[in-house]
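Report on the structure
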Amino acid sequence: MAQATLTITMPEQVWIQQLSTAYPAASFRVLAAVPGSETGFALVRIAGPEVADVVEDMRDHPQITELSLAQWSENEVTVHFETTAPLLLFSSRDSGMPIELPVEIVDGEATVEVTGSRNRLAELAEQLEHFGLQYRIEHVRERLHESQLLSDRQLEVVVAAVKEGYYDTPRRSSLTELAEHLDIAKSTCSETLHRAEEAIIKRFVEDLPSVDTEETVEDPLTSS
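Residues numbered from 1 in each chain as written. Predicted model: local features only at pLDDT ≥ 70, side-chain atom pairs only at ≥ 80, totals over all residues. Heavy atoms only, no water.

Right, let's get into the environment of histidine 80. Structurally, histidine 80 is set in strand β5 (residues 76-83). For the pair histidine 80 and alanine 32, spaced 48 residues apart in sequence, the C-alpha separation works out to 9.3 Å. Leaving out residues up to four positions away in the same chain, histidine 80 has contacts with Phe41, Ala42, Leu43, Glu66, Leu67 and Ser68. (Helix = DSSP H or I, 4+ residues; strand = E, 2+ residues; numbered from the N terminus. Contact = heavy atoms within 4.5 Å.)

A few words now on the confidence of the model for the protein chain. Across the protein chain, pLDDT averages 88, with 89% of residues at or above 70. Note that residues 211-220 has pLDDT below 50 and, in this model, 21 contacts with residues that lie over four places away or in other chains. (pLDDT = per-residue confidence, 0-100.)

On to the layout of surface pockets, then. Taken as a whole, the largest pocket encloses approximately 370 Å³ of empty space. For the largest pocket, the lining is made up of 23 residues, of which Val30, Ala33, Ala42, Leu88 and Leu89 are closest to its centre. A per-class count over the lining of the largest pocket returns 21 nonpolar, two polar and no charged. (1 Å grid on protein atoms, 1.4 Å probe; cavity = no way out; pocket = protein on both sides within 12 Å on 5 of 7 lines; lining within 4 Å. Points joined across faces, edges and corners; volume = space filled by probe spheres on them. Nonpolar A, V, L, I, M, F, W, Y, C, P; charged D, E, K, R; others polar.)

Right, let's talk about the packing of helix α6 (residues 152-164) against helix α7 (residues 175-182) for a bit. The description of two packed helices rests on the angle between their axes and on the distance between the axes. Running from N to C, α6 and α7 cross one another at 120 degrees; their axes reach a closest spacing of 10 Å. As far as their axial angle goes, α7 and α6 are oblique. Two packed elements cross with a definite hand, and for α6 against α7 that hand is right-handed. Contact with α6, carried on its side by Glu156, Val157, Ala160, Ala161 and Glu164, involves Leu178, His181 and Leu182 of α7 and no other residues of that element. Of the residues that constitute the contact of α6 with α7, the class distribution is five nonpolar, one polar and two charged. (Axes fitted to C-alpha atoms, helices over the stretch in contact; angles between N-to-C directions. Parallel < 35°, antiparallel > 145°, perpendicular 65-115°, else oblique. Left-handed = near helix turned anticlockwise from the far one by under 90°.)

The next subject is the nonpolar core. Membership of the largest hydrophobic core comes to 43 residues, with the highest contact counts inside it found for Phe28, Ile46, Met58, Val79, Phe81 and Val114. If sequence neighbours within four positions are ignored, methionine 58 has contacts with Trp15, Leu19, Ile46, Ile64, Leu67, Val79 and Phe81. Among the nonpolar cores identified, the runner-up in size contains 15 residues, and Val158, Ala161, Leu178 and Ile184 belong to it. (Core = buried A, V, L, I, M, F, W, Y, C linked by side-chain atoms within 4.5 Å. Buried < 20%, exposed > 50% of the residue type's maximum accessible area, 1.4 Å probe, protein only.)

Let's shift gears to the environment of aspartate 168. With respect to the helices and strands, aspartate 168 occurs in the loop between α6 and α7. Since its relative accessible area comes to 31%, aspartate 168 is described here as partly exposed. Polar side-chain contacts of aspartate 168 include one of 2.7 Å to the side chain of arginine 172. (Polar contact = N/O pair within 3.5 Å; in protein donor to acceptor, adjacent residues only side chain to side chain.)

Here the focus is unusual backbone geometry. Going from leucine 101 to proline 102, the amide bond is cis rather than trans, its omega being 5 degrees. For proline 102, the position within the fold is in strand β6 (residues 99-106). The omega angle of the peptide bond from threonine 169 to proline 170 is -5 degrees, so this bond is cis rather than trans. As for its position among the elements, proline 170 is in the loop between α6 and α7. Notably, aspartate 107 is not glycine yet its phi reads approximately 50 degrees, a positive angle. At aspartate 183, a residue that is not glycine, the phi angle is positive and equals roughly 60 degrees. Secondary-structure assignment places aspartate 183 in the loop between α7 and α8 (186-206). You can call aspartate 183 exposed: its relative accessible area is 71%.

Looking now at the packing of aromatic side chains. This structure, assessed with the given rule, holds three aromatic pairs. Here phenylalanine 90 and phenylalanine 131 contribute two aromatic rings whose centre-to-centre distance is 6.0 Å and whose plane-to-plane angle is 45 degrees, an arrangement assigned as tilted. Remark: phenylalanine 131 occurs in the loop between α4 (118-130) and β8 (134-142) and phenylalanine 90 occurs in helix α3 (residues 87-95); sequence separation between them is 41 residues. On the basis of relative accessible area, phenylalanine 90 is assigned to the buried category, the value being 9%. Summarising the aromatic geometry, the rings of tyrosine 166 and tyrosine 167 are spaced 5.1 Å apart at their centres and angled 80 degrees between planes, so their arrangement reads as edge-to-face. Judged by relative accessible area, tyrosine 166 falls into the buried class, the value being 9%. Overall, tyrosine 167 belongs to the partly exposed group, its relative accessible area being 37%. Over the face of the ring belonging to tyrosine 166 we find arginine 171, whose NZ or CZ atom lies 3.9 Å from the ring centre. (Phe/Tyr/Trp six-rings, centres within 6.5 Å; stacked < 30°, edge-to-face > 60°. Lys NZ or Arg CZ within 6 Å of the ring centre and 35° of its normal.)

See the structure below:
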């Protein structure tokens with residue numbers, strides 16, 4: 001499985017592009033969304049100093065066919081609406097690639113997280129281009145399921161280490177005591193823990209949003 005983060009820019013003729021660039025201080029956070037056959041429905045939280053003006057412009061926009069307020073405060077509003085131009089939803093639907101929510105849209109750009117096969121990612125790229133959405137790839141990396149991260153033996157040793165207090169501060173169990181508890185050699189216990197810790201720490205670093213140790217933005221989304 002591959003996980004990708006994309007920054008997507010909508011076409012200028014689409015309402016979200018027009019409103020988010022007209023109100024660059026506002027953020028549009030898509031909390032839920034579903035595509036219909038010709039339209040799309042979404043629940044969006046809008047935050048910023050001019051939310052009242054944003055909502056009024058949404059009501060007046062011809063691509064917004066229905067709008068109702070779910071929550072309102074001075075600088076934040078949650079709206080449910082129907083639009084005739086849910087291009088991101090259509091791209092997701094037609095590619096078979098779910099988009100992880102929430103999606104943040106600010107000043108014309110949406111940050112999108114997706115996880116799936118390389119083939120599905122390639123199909124998503126084609127659909128984005130088909131609907132006129134420009135995108136750039138922030139990163140792409142392979143995702144291992146948790147069951148693939150550690151071997152059965154490594155998992156057994158790590159779980160025992162946690163239960164016995166090996167990772168507590170101060171430690172309640174030494175490496176020697178842990179090895180005796182598991183009935184294995186101290187050197188075997190140490191090596192197994194080291195390899196498990198290596199896998200866990202590398203996975204943790206890969207998951208940091210500002211760190212990309214696998215592939216750079218030049219990595220083509222369409223590669224399979």
